[in-house]
Amino acid sequence: MFSYRHAFHAANHADVLKHITLLATLRHLQQKEAGITLIDTHAGAGLYRLDGDYSQKGAEAQDGLFKLLEAAAEREDLPEPVQDYLDQVAHFNPGGEARVYPGSPVLMAQLLRHEARDRLKLFELHPTDINALAGNMAQLELGRAVQVSREDGFESLKKLLPPPASTSGSKRAMVLMDPSYEIKSDYAKVSQVIGECLKRFPTGTYLVWYPIIPRPEAHELPRRLRTLANQARRSWVHATLAIGKGVEGDTGLSASGMFVINPPFTLAEQLRAALAVVGPALARGNGKGWQVEAGGA
């Protein structure tokens, strides 16, 4: 269904949705001075070449980041989450042309606050990607603030929750869960682990990315997450982005979703404003559209 390695899909429409949501969430959480434990259960390599063999194979960035850059160039103002996202990408491309794409681990690493003692825990199992991830993190020279482990993120997450208390005594954590979903059981595993997390640490902020494909498990996952959040009496935000069908014969992913439990109270409106720009910019055919729902608590 999907290639296991994220390099094939770097900077596609799903990354645009995921990383805009991730940045908007983290920015809000960091308005409080207390430190945060950030966890990425399926970290990938961290940085990706957009002019490399992997990304060129599917050229998925053409229907994602590059289309958004074109649309942004024609606007004088952008919603803050979109501008922040593009600014973060630009940071890694000082020449002006987007050749390098920062994945979730690098985006979070860039925002770590030394004075607050934020911590970043990264998990990855792929032998090539874990080596690349370790190298990319080492180049950022963040020392012990970042920990890279070749472990199953689903299982390792449990031992990190609840997180250690910050210097102010509060316990805060944000978890990103975005497996490849190549294995059908990943859908059930995500909801199972999120359920366990809500029991261990109900006040954590949990972000789940998932593909929207014609498979029962994919449609059931957001419903299960909504049920788990409601049962735990936690608020949630659910955002979806569909760019529409590609050319005939294109079997690539055309839609995905982000489900956030315990989101910032500002997130739903921020995503509505962001997707009002991103949705039309990336739209290409029948089935295009976007939606942001919120509820719980």
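Residues numbered from 1 in each chain as written. Predicted model: local features only at pLDDT ≥ 70, side-chain atom pairs only at ≥ 80, totals over all residues. Heavy atoms only, no water.

(A) The arrangement of the nonpolar core in detail. Formed by 93 residues in total, the largest nonpolar core has its most connected members in Leu 50, Leu 65, Leu 68, Tyr 85, Ile 194, Tyr 206 and Val 278. Discounting chain neighbours no more than four positions away, the residues touching Ile 194 are Met 177, Tyr 206, Val 208, Leu 225, Leu 228 and Ile 261. (Core = buried A, V, L, I, M, F, W, Y, C linked by side-chain atoms within 4.5 Å. Buried < 20%, exposed > 50% of the residue type's maximum accessible area, 1.4 Å probe, protein only. Contact = heavy atoms within 4.5 Å.)

(B) Local environment of helix H6 (residues 127-140). Its 14 residues place the ends of H6 21 Å apart at the C-alpha level, agreeing with the 20 Å of an ideal helix rising 1.5 Å per residue. The set of residues buried in H6 consists of Asp 129, Ile 130, Leu 133, Asn 136 and Met 137. The buried residues of H6 occupy an angular sector of 130 degrees when projected down its axis, which confines them to one face. Along H6, the residues that are exposed and aim more than 90 degrees away from the buried face are Asn 131, Ala 138 and Gln 139. Count one or two residues on from H6 and you reach Glu 141, which has phi positive near 55 degrees. (Helix = DSSP H or I, 4+ residues; strand = E, 2+ residues; numbered from the N terminus. Expected span 1.5 Å × (residues − 1). Arc of directions from axis to C-beta.)

(C) Fine view of the side chain of Asp 40. Note on placement: Asp 40 falls in strand S1 (residues 37-40). For the buried Asp 40, no salt bridge is present, and the opposite-charge side chain at shortest range is Lys 18, 7.2 Å distant. Separated by 3.3 Å, the side chain of Asp 40 and the backbone nitrogen of His 42 make a polar contact. In this structure Asp 40 touches Ser 104, Pro 105, Met 108, Lys 121, Leu 122, Phe 123, Leu 176 and Asp 178, once residues within four positions along its chain are discounted. (Lys, Arg positive; Asp, Glu negative; His and termini not counted. Salt bridge = Lys/Arg side-chain N within 4 Å of Asp/Glu carboxyl O. Polar contact = N/O pair within 3.5 Å; in protein donor to acceptor, adjacent residues only side chain to side chain.)

(D) Main features of the sheet that holds strand S9 (residues 255-261). Taken together, the eight strands give an open sheet; going across it, the order is S5-S4-S1-S6-S7-S9-S8-S10, and neighbouring strands pair in mixed fashion. Pairing within the sheet leaves two strands with one partner each, and these edge strands are strand S5 (146-149) and strand S10 (289-295). Geometrically, the sheet is characterised by an average inter-axis angle of 10 degrees between neighbouring strands, direction not taken into account. In terms of strand pairing, S1 meets strand S4 (residues 119-123) through four bridges, oriented parallel. Bridging from a neighbouring strand, Leu 38 pairs with Leu 120 of S4. H6 contacts S4 and S5 of the sheet and is inclined by roughly 165 degrees relative to S5. Packing of helix H10 (residues 267-282) onto the sheet brings it into contact with strand S8 (236-242), S9 and S10, and relative to S10 it is tilted by some 170 degrees. (Pairing = 2+ DSSP bridges. Axes fitted to C-alpha atoms, helices over the stretch in contact; angles between N-to-C directions.)

(E) Summary view of the environment of His 9. The topology assignment puts His 9 in the segment before helix H1 (13-29). Distance in space between the C-alpha atoms of His 9 and Gly 64 is 9.7 Å, their sequence separation being 55 residues. For His 9, the side chain forms a polar contact with the side chain of Glu 60, separated by 2.8 Å.

(F) Here's a closer look at the packing of helix H3 (residues 65-73) against H10. Closest axis-to-axis distance for the H3/H10 pair is 9 Å, and the angle between their directions is 115 degrees. In terms of orientation, H3 and H10 fall into the roughly perpendicular class. Taken as a pair, H3 and H10 cross one another with a handedness that is right-handed. Residue-level inspection shows Lys 67, Leu 68 and Ala 71 of H3 in contact with H10, the latter providing Val 278, Ala 281 and Leu 282. Its residues placed into classes, the contact of H3 with H10 shows five nonpolar, no polar and one charged. (Parallel < 35°, antiparallel > 145°, perpendicular 65-115°, else oblique. Left-handed = near helix turned anticlockwise from the far one by under 90°. Nonpolar A, V, L, I, M, F, W, Y, C, P; charged D, E, K, R; others polar.)

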